[in-house]
Amino acid sequence: MIENNRLTLEQYQHNFTDIHPPFENKDGAIIEANRCIMCYDAPCTKMCPTHINIPKFIKQITTGNVKGSAHTIFTDNIMGASCSKVCPVEKLCEGSCVYNLLHEEPIQIARLQRYSTEKAMYNNWQLFERKPSLGRKVAVVGAGPAGLACAFYLAKEGVDVTIFEKEAKGGGLMTYGIAAYKVTPEFCEEEVQYIISIGGIDIRYNQELGKDFHLKDLQKNFDAVFLGIGVGVARQLDINGENYEGVEDAISYIYNLRTNDFSEIPVGEKVAVIGLGMTAIDAATQAKRLGAKDVTIVYRRTEKEKPCTDVELDIAKLDGCNLEYLAAPKEIISENGNVKSLVCSRMRLGEADASGRRSPVDTGETFTIDCDMIIKAAGQTPFEELISSSKLENKYGKVSVNSQYKTNWNGVFAGGDCINGGKEVVNAAQDGKLAARSILEYMLN
Ligand code: SF4
């Protein structure tokens, strides 16, 4: 049965507590920072999509220069505080740390980054001075990581920025789409406030592109426009029973979880989650932490081809989620309109596809998973209708841009998930930063 309020307040608090605890004190951070051998041509910096000078910020921690360390991080990535909590560091900076070659634990780069950036945020250190106004206005659509990064780096150079955000809060995916035990809504709000405290950034909430305003109005009223609208629509399974009571999409489910008390979120006793990306893991682990007795993740390939990282998968396993590999949803069975079970096709692996991973092939055999709730996390599709109706050139809904992030509209730039279909927060932050440079060049030349 699907019901809310399955746990006590203490249990909810315990289940949703910070999964990556910070260093308890300064000494812990300094000891860890001193392990870093400050590599020349550091592989960790190369692997960071925003190319933060990692050995430099770690060195600054060892000398007690935490302000300088935060400045180094934010110079390249103004979302550095968020990224220290949500980046898949095991496949980025920490995954490339030279200590891995020695079969030793890599430097805890994310934890050190968190140490410096949180200190800066919570002490409201103003590390950058906004240049005098250039007399130029830019509209940014979307207050997610790409939009915030673009707005910050433009405001820093003296541009007046107006952000139009469709939700009631900023942060985008950080605020509405990531597991609550990784980053809290309060943290996201504080981060947005810290970023805009540089000045010159006005955020207008509850303003949706295509409803409350149109692209052509922005193009007319501003010197340039940046689109950081993300992706948002959950991919349909296109199987029978998708509309039964108890079938949810992971994006909406996580959104509800992020905007309501945990005790208000209904969860099934037996939940099946479809997909094995990061969103699927977030949905499965949170269903378990809300009190579901049995959570089964259904994935059509094997563990080897999984889109999530090993660390993410370990979280799901440690939370007690079951994994059903080589299984594809075929039909949802109901009882009185409510989900009763999920029929799956048994797959086998065939030839490699364009992604280089072996494709799942239907064996013709089926099996059934008993469940009263199904969460769909089989990817997201872009805002195809909105993008096409705005006459933006696009590929299957992904906005097309050139190497300077320019769209086919004069003075309109785009970056983040709306151009790549959905990557990491750190990729969006990098797009926003680079697009800000292109916009400045466009406006001032
Ligand atoms: Fe330090 Fe590791 Fe980066 Fe080298 S690769 S600079 S040891 S964090």
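Participant: Go over unusual backbone geometry, please, and point to the residues and values.
Facilitator: Even without glycine at this site, Asn-5 takes up a positive phi of about 55 degrees. Look at Asn-5 and you get exposed, because its relative accessible area is 52%. At Asp-41, a position not held by glycine, the phi torsion is positive, near 55 degrees. For Asp-41, the location among the structural elements is in the loop between helix H2 (26-33) and helix H3 (43-47). Judged by relative accessible area, which is 51%, Asp-41 ranks as exposed.

Participant: I'd love a proper account of the packing of helix H9 (residues 145-156) against helix H18 (residues 425-444), names of residues and values included.
Facilitator: When two helices pack together, their arrangement is captured by the angle between the axes and the distance separating the axes. Between H9 and H18, the shortest axis-to-axis distance is 7 Å and the interhelical angle comes to 35 degrees. Here H9 runs over H18; the crossing is right-handed. For the pair H9 and H18, the contacting residues are Pro-145, Ala-146, Ala-149, Cys-150, Tyr-153 and Leu-154 in the first and Val-425, Ala-428, Ala-429, Gly-432, Lys-433, Ala-436, Ile-439 and Leu-440 in the second.

Participant: Tell me about the environment of Pro-106, and name the residues and values.
Facilitator: Residue position: Pro-106 is located in the loop between helix H7 (93-96) and helix H8 (109-122). Using a relative accessible area of 17% as the deciding quantity, one classes Pro-106 as buried. Note: C-alpha distance between Pro-106 and Gly-170 (64 residues apart in sequence) is 33 Å. Not counting the four nearest positions on each side in its chain, Pro-106 is found in contact with Glu-32, Arg-35, Glu-94, Cys-97, Tyr-99 and Asn-100.

Participant: Any details on the site of the ligand? Residues and values, ideally.
Facilitator: Taken together, the neighbourhood of the ligand is formed by Cys-36, Ile-37, Cys-39, Ala-42, Pro-43, Cys-44, Pro-55, Cys-97, Val-98, Ile-107 and Ile-109. Residues that form the shell around the ligand fall into these classes: 11 nonpolar, no polar and no charged.

The rules behind each value
The numbering scheme is per chain: residues are counted from 1 as the chain's sequence reads. Given that this is a predicted model, residues contribute local features only at a pLDDT of at least 70 and side-chain atom pairs are listed and counted only at 80 or more, while totals for whole chains, interfaces and linings are drawn from all residues. With hydrogens and water stripped out, all remaining heavy atoms of the structure feed into the side-chain values. The cut-offs for exposure are 20% and 50% of the maximum accessible area for each residue type, with area from a 1.4 Å probe on protein chains only; residues under the lower value are buried, those over the upper are exposed, and the others partly exposed. Only runs of H or I of at least four residues qualify as helices and only runs of E of at least two qualify as strands under DSSP, and these elements are numbered from the N terminus. Here an axis means a line fitted to C-alpha atoms, over the contact stretch when the element is a helix, while the angle between two N-to-C directions is reported on a 0 to 180 degree scale. Handedness of a crossing follows from how the near helix is turned relative to the far one, being left-handed for an anticlockwise turn of less than a right angle and right-handed for a clockwise one. Pairs of residues are marked as contacts when any of their non-hydrogen atoms sit within 4.5 Å. Residues are classed as near a molecule or strand on a simple rule: at least one heavy atom within 4 Å of it. Throughout this entry, Asp, Glu, Lys and Arg are counted as charged residues, while Ala, Val, Leu, Ile, Met, Phe, Trp, Tyr, Cys and Pro are counted as nonpolar. The remaining residues, Gly among them, count as polar.

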